Amino acid sequence: SDEEDDENWKVRRSAIRTLTAVVEASRHDPSKLWIEEFAWRKNSDRKATVAAALVNRFKEREENCRVDIIECFTRLLSYTVSASSSGVLALASSETMDDDALSASGAVVVDLRSNVSAAIVKASEKQLSAKKGGERSKSSAIALLSTLCLIPGGIGGSDQITSVFRHVKTIVNTSDDASSRRQATVNSKSLKLEALCLVRIMLSCKKHDTTHLKNALVPTLLPEICNCVQEDWYKVIAEALLVLMEVPTLIIAGSATKPEQDKVANSLYDAIEPRLSEHDLDQDIKECALSAAAALLSVLHSSLSDDQKNKIFTLLLERLKNDTTRMAAIRTLLVIGEAAQSNDDLDLSPIMNETLNQLALLLRQQHRGLKQAALECLDTMVLCLGPESSLTMDDGLFDSVLGDLGKMISDTDLHLCHFGLSASNSILKARPSTGPLIKSHILPAALELSKSPLLQDKALLSLLRLNEQMILSAAVDFDELHDALAKQVGSENNKSGKQVISNLAECIATALAATPSVKQEKFIKNTIAAIEEGKDNAQATQLNLLVSGNLGRKVDVSSMNGGVAEKLQKLYVASFDSSNEDVKHAAALALGRASVGAMDAFLPSILTALEESSGKKQYLLLSSLREFIHCYREVKGSDLSSSVPLILPHLETNCENDEEGVRTMVAECLGSLACLEPKTILPVLEKLTTKDTKKKVLVRWTVGNAVKFAIGGRISPADIAPFMPTFLLLLQEDDLAVKNVALLMVYSAVHHTPQLVAGLMKDQILPNIYELAQLNLERKVDLGPFKHTVDDALPLRKASLSVFATCLEKCPASLDIPAFMPVLAKAMADVEDVQLQTHQIVITMCSRHPM
């Protein structure tokens, strides 16, 4: 027969290994292997892509060759998914946008939805169903199907999913009949493990229709997976439990009926509970059983009886007390606690007391990871407490817990500090009666933390929430808290930094915003008087200015009686004339923030003053405007469209200001506005790019910076893409400063949204980079005793190489590397900074593009 006479399999295997090397070399951009066609045979008109040729050869007779072919294609598919994630190419998906839209964005489109995906599934099923097929072929086919789950559309529709599950069933079958036993001897344990991994990936990848998955899984495969939990090999048991962990979410997402939910929940319970209750098991099985129990209890708790839930709760407490399983038990309780917060019918009261006591003990452990996990779980479980009358807590529990939390609140470990503050806040929210304990254990540490110059990000946010909750729960009187925070400001001999004063101002303003409006109005009036009287104390003035501004960000001060808004406005503007630079800066920030809550009262006055001012005052007013726009962007559902026509003329006027600092502020304002109102701002920036005025160089410098800030501010690529060809004309300007700004704009685009410029690289960007990377403008400066050589083009060369280096990482397909090699060769002989950049680029090219 042909199979017996086949003597060429070694040649074919060598060819496959050659193709594998090609795939490896193209791993960063494998698009050509899907798109470009090559002659199928010598002197033949028939052509095929590398990918199609590999799929066609899945029917290879020799198993060694067949396995190599499937593994080669799996590798190609995996690299394609990775390249799609990094933006190098795009996988066509009917759920997102059509092929034309993808092509317009400049990305190379690879379409696997139609015949390619179906052919892969069909060929893989043939390998799985082959009676004489070797185990290696089946293993390779399973790996290929697992990788296929990562592409849009996954394995396919209902028919493909059902067929794959049917083949998996024959592999994992644990029935007692003779034919099944004979089949089981063929299928090794490792193949069964790989089949279970495939099912888990199919259930969790979010690429398939959940109804199709549910309809195929429940009648066909679920009983077999439940039986796999009783297998002998620990890896199969653990993987089967991980599959069962994905089932509850699938059942709900697949719109299962209540009887179906009850049936599945009881099947899962019968499979999971025995493994959860056994003690002499592998650690992996214990952890996977806990994860499966967490998914079952958090999603399908309504389908379980009270006895079943109490049994799981009891086993969870046992695992929490065990040294080897307590981390997994904490993660399980965390999942169940989060579910209980959104489901009133999931009652955790049977284990609440014991759980909180155990978590309190774990807070004293030295193991940082364990302590952090216990803090997270404590934070979640406390919020599941019902009304104080519904559950009696152990005496001294919260006193002990808050005492331990107070010791964690410091700037030595801000991450643990964040969790400690968050847990304290949750305890106070769930049990307002713990207010005196919070005041004695937590408040002193929180006050000490508030004056730390290291305080920022999550720790600062948690501290602000705690201050707010202390006022809402009446744990501390606001006047008392304000006085304590105000005392944290340094003295004349030991001044606090701007960051410390800013943090203290946020703490006071957040607490004040939680008080009644009458209290807020009285405090603001006292603050105005304090600023007017205490001008000699710069730090106190800074604090008061920032407190008023931060409050105005949360509350409309224009609604307060006694002309509070008008007084604040005059006070802010008057502070611009202060001799202290920090006070000027604080007044500018306060004016911008107060405008967020009372736009109609403050914004017109800012714009009027901006028109009449110049120099330093103009810079401060623009700082206020920038702060207003930045803060307004953080407001959910913000709409600034009505105010943009008022703001825009003033920004356009100052685009050609002689002061670089003013122009930078204008650029930041325009960039932020472009993110909020792209349809209004981008046409204006486009017009300014080509506008011919006496100071066109300054205008174009400002436009380049504005576009850079807009891209960094995550403007929608679809909004700015039509304008990019015009903005890229800045690369051709004669002025060196404009060229440099244009290069930084391109760098920002490549770094944040490479698809924005990928299609423009060849015609507009790369020719300019080639030129600027070799530009040399040396001149001699006579300094009297000696002469100094200045190279005005050095920043341009460094920026050009930075753009190229980023393109190598973000969008290598858009580069013409051979054309850039002479540029790199010349850069090797440049100054030391350029040489360093060049060597880094060469190292990257050697690893990513060896060909």
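Residues numbered from 1 in each chain as written. Predicted model: local features only at pLDDT ≥ 70, side-chain atom pairs only at ≥ 80, totals over all residues. Heavy atoms only, no water.

Take the environment of Pro223 next. Mapped onto the secondary structure, Pro223 falls in helix α13 (residues 222–228). Overall, the relative accessible area of 41% leaves Pro223 in the partly exposed class. Through-space distance from the C-alpha of Pro223 to that of Ser267 is 7.9 Å; in sequence the pair is 44 residues apart. (Helix = DSSP H or I, 4+ residues; strand = E, 2+ residues; numbered from the N terminus. Buried < 20%, exposed > 50% of the residue type's maximum accessible area, 1.4 Å probe, protein only.)

It is worth spelling out the confidence of the model for the protein at this point. Taken over all residues, the pLDDT of the protein has a mean of 85, while the share at 70 or more is 92%. Low confidence marks residues 178–186, where pLDDT is under 50. Its contacts with residues over four positions away, or in another chain, come to 6 contacts. (pLDDT = per-residue confidence, 0-100. Contact = heavy atoms within 4.5 Å.)

This part covers the pairing of strand β6 (residues 787–791). Here strand β5 (residues 778–782) runs beside β6; their pairing, made up of 5 bridges, is antiparallel. Among the inter-strand pairings, Glu778 is bridged to a residue of β6, identified as Asp791. From the end of β5 to the start of β6, which pair antiparallel, there are 4 residues, and Gly784 there has a positive phi angle of about 90°. (Pairing = 2+ DSSP bridges.)

It is worth spelling out the packing of aromatic side chains at this point. Scanning the entire structure with this criterion turns up 9 aromatic pairs. Ring plane angle 80° and centroid distance 5.4 Å describe the contact between Phe478 and Phe523, whose orientation is recorded as edge-to-face. Of this pair, Phe478 sits in helix α25 (residues 478–486) while Phe523 sits in helix α27 (residues 517–533), and the two are 45 residues apart along the sequence. Here Phe478 matches Phe523 in class, with each residue buried. When the ring of Phe723 is compared with that of Phe727, the centres are 6.5 Å apart and the planes differ by 25°; the resulting orientation is stacked. Every member of this aromatic cluster is reached through a ring pair, and the members are Trp34, Phe58 and Phe73. Across the ring face of Trp701, the terminal group of Arg663 is positioned such that the distance to the ring centre comes to 4.6 Å. The residue whose ring lies beneath Lys708 is Phe709, and the NZ or CZ to ring-centre distance is 5.0 Å. (Phe/Tyr/Trp six-rings, centres within 6.5 Å; stacked < 30°, edge-to-face > 60°. Lys NZ or Arg CZ within 6 Å of the ring centre and 35° of its normal.)

Counting across every chain of the model gives 28 salt bridges. Measuring nitrogen to oxygen at the nearest pair gives 3.4 Å for the salt bridge that ties Lys584 to Glu581. Residue Lys584 and its partner Glu581 are both found in helix α30 (residues 581–597); the two are separated by 3 residues, about one turn of the helix. Sharing partners across several salt bridges, the network here consists of Glu581, Lys584 and Lys616. (Salt bridge = Lys/Arg side-chain N within 4 Å of Asp/Glu carboxyl O.)

Below, the discussion takes up the packing of helix α26 (residues 498–513) against helix α28 (residues 538–554). For the pair α26 and α28, interaxial distance at closest approach is 8 Å and the crossing angle is 45°. Judged by the angle between their axes, α26 and α28 are oblique. When the axes of α26 and α28 are compared, the crossing they make is right-handed. For the pair α26 and α28, the contacting residues are Lys498, Ile501, Ser502, Leu504, Ala505, Glu506, Ile508, Ala509, Thr510, Leu512 and Ala513 in the first and Gln539, Gln542, Leu543, Leu546, Val547, Asn550, Leu551 and Lys554 in the second. Its residues placed into classes, the contact of α26 with α28 shows 11 nonpolar, 5 polar and 3 charged. (Axes fitted to C-alpha atoms, helices over the stretch in contact; angles between N-to-C directions. Parallel < 35°, antiparallel > 145°, perpendicular 65-115°, else oblique. Left-handed = near helix turned anticlockwise from the far one by under 90°. Nonpolar A, V, L, I, M, F, W, Y, C, P; charged D, E, K, R; others polar.)

Checked against the element boundaries, Ser124 lands in helix α7 (residues 115–129). A residue is classified by how much of its surface remains accessible, and Ser124, at 1% relative accessible area, is buried. At a separation of 2.8 Å, a polar atom in the side chain of Ser124 contacts the main-chain carbonyl oxygen of Ile120. Not counting residues within four places of it along the chain, the set of residues in contact with Ser124 comprises Ala141, Leu144 and Leu145. (Polar contact = N/O pair within 3.5 Å; in protein donor to acceptor, adjacent residues only side chain to side chain.)

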